[in-house]
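Read off the chains here:
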Amino acid sequence: MLFYVHHNNQEYRVRVESRRDGLHIKFFDEREQPVDLVYYGNDCTFIHDNRVFHANIWGAKTDYIVWRPQGNLNFAVESEYKRLVGLLRGQDLDEQNNVYARMPGKIVKIIAKPGQHVKKGEAVLIMEAMKMENEIRATINGEILKISVKEGEAVETGATLAEINPAEED
Amino acid sequence: MPAGSKRKRILVANRGEIALRIFRAIRELGHVPLAIYSKADRLSNHVAKAAEAYCVGEGPSIHSYLDMENVLQAAKELRADAVHPGYGFLSERPEFAQAVADSKLVFIGPSAKVIGLMGNKVAARQTMERGGLPLVPGTKEGITDENEAQKQARIIGFPLMIKALAGGGGRGMRLVTQPDEFLNLFRRANSEATKAFGDGRLYLERYVTSPHHIEVQVVADTHGNVCHLFERECSVQRRHQKIIEECPSPFLSDKIRKKLCEAAVQATKEIGYHSVGTIEFLVDDQQNFYFMEMNTRLQVEHPITEWTTGHDIVKEQIRIAFGEKLSFSSKDVQPKGHAIEFRICAEDPEKFLPQAGKLTGVSFPSGIGVRVDSHVYRGYTIPVFYDSMIAKISVWGRDREEAITRGRVALQDTILNGVKTNVPVHLQLLENQRFLEGNYTTRLIGDDFEYKEAPVEEEDLRMAMIAVAVSAYSKEYRGGTSAEDENSRWKMAGRTEALR
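Calculation rules
- Residues numbered from 1 in each chain as written.
- Chains lettered and ligands numbered in written order.
- Predicted model: local features only at pLDDT ≥ 70, side-chain atom pairs only at ≥ 80, totals over all residues.
- Heavy atoms only, no water.
- Pairing = 2+ DSSP bridges.
- Helix = DSSP H or I, 4+ residues; strand = E, 2+ residues; numbered from the N terminus.
- Domains from an automatic or database assignment.
- Contact = heavy atoms within 4.5 Å.
- Buried area = accessible area lost by both parts, 1.4 Å probe.
- Polar contact = N/O pair within 3.5 Å; in protein donor to acceptor, adjacent residues only side chain to side chain.
- Nonpolar A, V, L, I, M, F, W, Y, C, P; charged D, E, K, R; others polar.
- Salt bridge = Lys/Arg side-chain N within 4 Å of Asp/Glu carboxyl O.
- Core = buried A, V, L, I, M, F, W, Y, C linked by side-chain atoms within 4.5 Å.
- Buried < 20%, exposed > 50% of the residue type's maximum accessible area, 1.4 Å probe, protein only.
- Axes fitted to C-alpha atoms, helices over the stretch in contact; angles between N-to-C directions.
- Expected span 1.5 Å × (residues − 1).

Caption draft 1: A look at the sheet that holds strand β12 (residues 117–118) of chain A. All names here are of chain A. Within the open sheet, the four strands sit side by side as β10-β17-β15-β12. Their pairing is antiparallel. Only two strands of the sheet have a single partner each, and these edge strands are β10 (99–100) and β12. Bridge count for strand β15 (residues 142–147) against strand β17 (residues 160–166) is five bridges, and the pairing is antiparallel. Across the sheet, residue Gly-142 finds its bridge partner in β17, namely Pro-166.

Caption draft 2: Highlighting the domain arrangement of chain A. Residue and element names in this part refer to chain A. The domains assigned to chain A are domain 1 (2–80) and domain 2 (93–166). Averaged C-alpha coordinates put domain 1 and domain 2 at centres separated by 32 Å. Between domain 1 and domain 2, the residue contacts involve four residues of the former and five residues of the latter. Taken over both partners, the interface formed by domain 1 and domain 2 buries close to 390 Å², and the fraction arising from carbon and sulfur atoms is 49%. Our enumeration of links across domain 1 and domain 2 arrives at zero residue pairs in polar contact (both at pLDDT 80 or more). Here the residues of the side of domain 1 that touches domain 2 are counted per class, giving one nonpolar, no polar and three charged.

Caption draft 3: Seen up close, the interface of chain B and chain A. Listed as interface residues are 42 residues of chain B and, on the opposing side, 45 residues of chain A. Roughly 3,900 Å² of surface becomes buried between chain B and chain A when both sides are summed, with 66% attributable to carbon and sulfur atoms. Between the two partners, chain B and chain A, sit two salt bridges. For Asp-460 of chain B, the salt bridge identified is with Arg-51 of chain A, shortest N-O distance 3.0 Å. There are 10 residue pairs in polar contact (both at pLDDT 80 or more) connecting chain B and chain A. Put simply, the parts of the chain that give the side of chain B that touches chain A at least two residues each are α12 (400–412), β20 (415–417), α13 (423–429) and α16 (458–477) of chain B. Top element by residues in the side of chain B that touches chain A is α16 of chain B. It accounts for 18 residues. For the side of chain B that touches chain A, the per-class residue count stands at 24 nonpolar, nine polar and nine charged.

Caption draft 4: Molecular detail of the nonpolar core. In this structure, Val-236, Ile-344 and Leu-429 of chain B are the most contacted members of the largest nonpolar core, which totals 37 residues. Every element with two or more residues in this core is listed here: β11 (241–247), β14 (338–345), β19 (389–397), α12, β20, α13 and α15 (444–448) of chain B. Membership of the second largest hydrophobic core comes to 32 residues, among which are Leu-37 and Phe-53 of chain A together with Val-468 and Tyr-473 of chain B.

Caption draft 5: Highlighting the sheet that holds strand β9 (residues 212–220) of chain B. Residue and element names in this part refer to chain B. As summarised here, the arrangement of the eight strands in space is β13-β12-β9-β10-β11-β14-β19-β17, forming an open sheet in which the pairing is antiparallel. Both edges of this open sheet fall to β13 (289–295) and β17 (370–374), since each of them pairs with a single strand only. Neighbour-to-neighbour, the strand axes of the sheet open up by a mean angle of 25 degrees, direction not taken into account.

Caption draft 6: Just helix α9 (residues 254–270) of chain B, in detail. Residues and elements named next belong to chain B. Taking 1.5 Å as the rise per residue, α9 with 17 residues should run 24 Å; its terminal C-alpha atoms sit 24 Å apart, in good agreement. Residues of α9 that are buried: Ile-256, Arg-257, Leu-260, Cys-261, Ala-263, Ala-264, Val-265, Ala-267 and Thr-268. Residues of α9 that are buried in the fold lie against α6 (121–130), β9, β10 (226–238), β12 (275–283) and β13.

Caption draft 7: Structural view of the pairing of β14 of chain B. Residues and elements named next belong to chain B. The buried fraction of β14 amounts to eight of the eight residues, a majority that puts the element mostly inside the structure. Both faces of β14 are covered, namely the face carrying His-338, Ile-340, Phe-342 and Ile-344 and the face carrying Ala-339, Glu-341, Arg-343 and Cys-345. Both β14 and β19 contribute to a ladder of eight bridges, which runs antiparallel. Paired with Phe-342 across the strands is Ile-393, a residue of β19.

Caption draft 8: Molecular detail of unusual backbone geometry. Residues and elements named next belong to chain B. Of the consecutive residues Phe-158 and Pro-159, the connecting peptide bond is found in the cis state with omega at 0 degrees. Here Pro-159 lies in the loop between α7 (146–156) and β6 (160–164). At the junction of Cys-247 and Pro-248, the peptide bond is cis and its omega measures out at -5 degrees in the coordinates. At Arg-79, a residue that is not glycine, the phi angle is positive and equals roughly 50 degrees. For Arg-79, the location among the structural elements is in the loop between α3 (68–77) and β4 (82–84).

Structural data, given as structure tokens:
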């Protein structure tokens, strides 16, 4: 399972997998490694290259605080799955003009055409991620300026999918 | 009080860590600890550690801990023999001390008369000056005449402050650093004060440029025995509140220390004080000391004095209140080593703004020379109504260097998760050059120290992220076995309570 960990406006990717011999971690594109990490209550210790890392961690929903005597660290964590569910429910992105990919995937079908006027929440294209098809919707009312991807194309997180010119407010 | 009974029932009219501290002394003396609590404090540890407890009202202090009638009612309901006021709340209200005495109960503190006297700043200064304590040099009465003012200014010396007698809010106030500026600034202050208060009278006071806040702990019984327990350096302050105290003061010379402590004892005798108390002094960079005020109660930072002298100040205070003689004399007070106290507050380290909320992770340091006074535990919710101080961590070392090192380790071992605290501020202060040199003044925070969020090492950040991801993983796949905001039994108890 892939997790998107946000800290100081940066996104990090951490993959956690349960294997026969225990938990494995893959940080970004590094090699997957078994990890010696145990939780007891809110505390956890983590031994890596014989080095011990001890932390007290508290999480509510997606927000996590890791205690550190020099000052706490704040993280927002979202699993690939949660992100997908969010997308499927149409909880699309922020209030911004462009439509972009929130996770890596493949463009299945393009619905809207350049020049077309769309309403907020209207489907722009369909993207496949984690074997699920997912309607990507317009975040604002406006005119489609450009569709930046082709059907069948693979996209990475953050890729712009379409550009919308916001409609004038009446 | 039942005749012949030695076991006294003592009500602590306070909350939090100080209530717990006093309970321990009460129990060590074989007496019975009684608590009061507000509805917001039902889950506070001080309630758990009392033999009996009485609810004095709603969360806001004004409706509970500050409500004299309710507190006196608690004393009556719990059949208390004596009342200990702690610090803050009603501890320095003469009318409270009087009401306790009028209810034929023992007030564990000085007389209402002395509390009243020391509570009035002007009267306190006059009394203490008669008692032999120096005041910041200045004029005693208001002046309007320019020639007279110039004459006085020359006597006081520069820099000096011009202040309006009727003043407040900085109006009619001027700092004069050079003699030739004086007349001009005096005229402006006079005109400003006349316009603002309809009273142009001004007074002059020497401006202490590098002030140290140093206080002397005194103990006096009702038999005329007075003793000091040496001084505490309290110059590390933010928003005029102390956050680190240490003893002995690294700044005072032995000669001045002796003079200061003896002057405090003398003044304590002069005013006929009994109980424990603290005389606060302003000390300038030449080690001249001036009386500021007297705190007629137990002080927050008393643990560091207990560390260096080995005497239990609270036990002594209780014994004195019941008419016993001091258990030691001056020659029994031989301070040893160095002690530092860190006040741990739930507050934003940068803006010093108090934080309320739930403590989701709590672990305190331990080991040789480490003491923790606290009422919080994991799952405890810090109420919005009271002080932001959630713990006092104090350390003792054979010398200042050892105490500082021990303090650093103790702070690193402290876990307080869920709310922001000033632990990082303390750790950074322990790296500050001025602090380490020991010649810091009350302007340390602001002038010579500014908290900056410490950068995170790449490796630490990476480990933290992996730990967070694993926690999220177990939440999603194993139904949340770790790092969960658990639904505690306390909360369930609260719900049961609400159903009654």
